[in-house]
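# Breakdown of the fold
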Amino acid sequence: MVAKLSEDLIYEILSVVDEIPKGKVASYGQIAKLIDRPKNARLVGKVLSQASYYVAYPCHRVVNHAGRLAPTFPNQKDLLLDEGVEFKKPTHVDMKNFQWDM
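First, a word on what this report is: a plain description of the structure on this page. What you see is a predicted model, and the numbers here were worked out from it, not measured in a lab. (Residues numbered from 1 in each chain as written. Predicted model: local features only at pLDDT ≥ 70, side-chain atom pairs only at ≥ 80, totals over all residues. Heavy atoms only, no water.)

## Observations concerning the overall build of the protein chain
In terms of regular secondary structure, the protein chain is built from five helices and four strands. The secondary structure elements of the protein chain, listed N-terminal to C-terminal, are α-β-α-α-β-α-β-β-α. For a compact globule of 102 residues, the expected C-alpha radius of gyration is about 13 Å, and the protein chain comes in at 13 Å, within 12% of that figure. Overall, the C-alpha framework of the protein chain stretches about 35 × 25 × 20 Å when taken along its three principal axes. Going through the 102 residues of the protein chain one by one, you find that 44% of them count as buried. Across the protein chain, every contact between residues at least 6 apart in sequence was considered, and the portion connecting residues at least 24 apart equals 59%. For the protein chain, the computed accessible surface area is about 6,300 Å², with 50% contributed by carbon and sulfur atoms. In the protein chain, 14 positive and 12 negative side-chain charges are present, and the distance between their average locations comes to 10 Å. (Helix = DSSP H or I, 4+ residues; strand = E, 2+ residues; numbered from the N terminus. Rg over C-alpha atoms; globule rule 2.2 N^0.38 Å. Buried < 20%, exposed > 50% of the residue type's maximum accessible area, 1.4 Å probe, protein only. Contact = heavy atoms within 4.5 Å. Areas by Shrake-Rupley, 256 points an atom, 1.4 Å probe, with all protein chains shown as cover. Lys, Arg positive; Asp, Glu negative; His and termini not counted. Charge placed at Lys NZ, Arg CZ, Asp CG, Glu CD.)

Next comes the structure, spelled out in structure tokens:
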């Protein structure tokens, strides 16, 4: 079951996203755990799918657990490359070396 989206929950997610350091990435599941909703990675994805509304937040630093980029975020890779994030495949971040250790 996916939790109901409230404005408070949206900004709780975004506040964690805002803490991801430049040059690092976090997974949707990591974000969900940090807001004490470990089973709601999809909820995090749903909020971040609206990243164009949250341009002040570094939503480009969130990828799936395997490091895969969001298919609907065309400039995500360029933004990450600009920060020095490296890729192990064309669409997958090197999670071993670039995952945020919160």
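Now that the structure has been shown, we can carry on.
## With respect to the nonpolar core
Membership of the largest hydrophobic core comes to 22 residues, with the highest contact counts inside it found for Ile-13, Val-17, Ile-31 and Leu-48. Contributing elements (two or more residues each) for this core: α1 (7-17), α2 (28-34) and α3 (41-48). Apart from the residues within four sequence positions on either side, Leu-48 is in contact with Leu-14, Val-17, Tyr-28, Cys-59 and Val-62. Membership of the second largest hydrophobic core comes to nine residues, among which are Val-25, Leu-80, Phe-87 and Val-93. (Core = buried A, V, L, I, M, F, W, Y, C linked by side-chain atoms within 4.5 Å.)

## Regarding the pattern of salt bridges
Per the counting criterion, the structure on display carries one salt bridge. With its nearest N and O atoms 2.8 Å apart, the salt bridge here joins Glu-83 to Arg-61. Of this pair, Glu-83 sits in the loop between α4 (76-82) and β3 (87-89) while Arg-61 is found in the loop between α3 and β2 (62-63), placing the two residues 22 residues apart along the sequence. The same class applies to Glu-83 and to Arg-61, which are both buried. (Salt bridge = Lys/Arg side-chain N within 4 Å of Asp/Glu carboxyl O.)

## Topic: unusual backbone geometry
Even without glycine at this site, Asp-36 takes up a positive phi of about 60°. Here Asp-36 lies in the loop between α2 and α3. The exposure class assigned to Asp-36 is exposed, which follows from its relative accessible area of 68%.

## Some details on the packing of aromatic side chains
Under the defined criterion, the tally for this structure stands at zero aromatic pairs. Between the NZ or CZ atom of Lys-77 and the centre of the ring of Phe-87, over which it lies, the distance is 4.9 Å. (Phe/Tyr/Trp six-rings, centres within 6.5 Å; stacked < 30°, edge-to-face > 60°. Lys NZ or Arg CZ within 6 Å of the ring centre and 35° of its normal.)

## A short note on the environment of Gln-99
For Gln-99, the position within the fold is in the segment after α5 (95-98). Considering only alpha carbons, one finds Gln-99 and Arg-61, 38 residues apart in sequence, at a separation of 9.5 Å. Residues contacting Gln-99, with those up to four places away along its chain left out, are Lys-24, Val-25, Ser-27, Gln-30 and Asp-94. Here the side chain of Gln-99 touches Gln-30 through a polar contact of 2.8 Å, side chain to side chain. (Polar contact = N/O pair within 3.5 Å; in protein donor to acceptor, adjacent residues only side chain to side chain.)

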